[in-house]
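Architecture at a glance
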Amino acid sequence: MAIPLFKYFGHVESTPLENSALKVLDKLSLKVTPPNEFNDPFEFSPIVKTSDPKAAGRERLNRILADPSFYNKNRSAFASCKDFADFKSFVQSKLDFFEQDLAKRLTNLDAEFQNDVLPFLSSHYGVICFSAMDCDPLMWAHYATSHSGLMLEFAADCPLFQGGAFFVVDYHQDRAIYDPSLPADGKQVVTLARRKSTHWGYEKEYRVVVKLADTKQVTISGAKPLYLQAINAKWITSVTVGCKCPDTLKAAVSKLLARTDLNHIARYQIEMDRGQFQLLRKRL
């Protein structure tokens, strides 16, 4: 069942008017973050392991023997072979050796590839993160500048939350396993994109994966490129201010919500419960 989702925004304590939510409301765009810029070093970093290296090596050999392109490209390495037919005979005469050698090479390549997965995916894809939690003290502490920031609510029927690029995070004790020998059908990529340690379970996170090529790229001198996803103002249904939000930031929110395209957005305030360790979200 579709549910509304929330996104938290913080700022440098000394400059509350630089809060990122103000920029989202003003420019109607969300930052798309490559996973290598996340605060969790395990993001998009599976264990790369070929499940059956010998079978994978045999399959690779079959492809090499069925198509002369490998031989033609590496002809100098097989100088004793007169032509492709001679090369095939040579390989088939030493099939066990080549299968074992390829299996060993694939195991070594797995270790190398494991280090390359995150940089490779981060050069092509980014993520927009949301949470199902609106009153979690840790979320407000970690992602909204110690309860002084803002939180935007996005409607359950937001178009970003449709399709295969949107999914709920899977919290698990073990890292995902990526098997290079399996068909590249996208399922393994989704599995590793969803997987996070159980330590992060309090976030109740949902994700949208976006191709960086489909975003607007902003180049800032001396900084990493900024990738932006355009959004519709109607997708945002409310803005909530933290229980420590400064008056200057509240005033800036009120000014923005007076805009014709934003005046449908409801306003909430986080308050501390008087009896329990609990936050309450009150309509303003």
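Now for a description of the structure that goes with this document. Remember, predicted model here, so these are calculated numbers, not experimental data.

Here is what the cut-offs are and how they apply
- Residues numbered from 1 in each chain as written.
- Predicted model: local features only at pLDDT ≥ 70, side-chain atom pairs only at ≥ 80, totals over all residues.
- Heavy atoms only, no water.
- Phe/Tyr/Trp six-rings, centres within 6.5 Å; stacked < 30°, edge-to-face > 60°.
- Helix = DSSP H or I, 4+ residues; strand = E, 2+ residues; numbered from the N terminus.
- Buried < 20%, exposed > 50% of the residue type's maximum accessible area, 1.4 Å probe, protein only.
- Lys NZ or Arg CZ within 6 Å of the ring centre and 35° of its normal.

Per the counting criterion, the structure on display carries eleven aromatic pairs. Plain terms: the ring middles of Y71 and F84 are 6.1 Å apart, the flat faces sit at 45° to each other, and that makes the pair tilted. Taken as a pair, Y71 in helix 3 (residues 69–73) and F84 in helix 4 (residues 84–93) lie far apart in primary sequence, 13 residues in all. Note on accessibility: Y71 and F84 belong to one class, buried. Above the plane of the ring of F130 lies K7, whose end atom (NZ or CZ) is 5.7 Å from the centre. Sitting above the plane of the Y268 ring, R281 keeps its charged end 3.9 Å from the centroid.

Another aspect to go through is unusual backbone geometry. Even without being a glycine, T145 presents a positive backbone phi close to 50°. Relative to the helices and strands, T145 is located in the loop between helix 6 (137–143) and strand 5 (150–154). With a phi close to 75°, H147 is a non-glycine residue in the positive phi region. The topology assignment puts H147 in the loop between helix 6 and strand 5. What makes H147 buried here is its relative accessible area of 15%.

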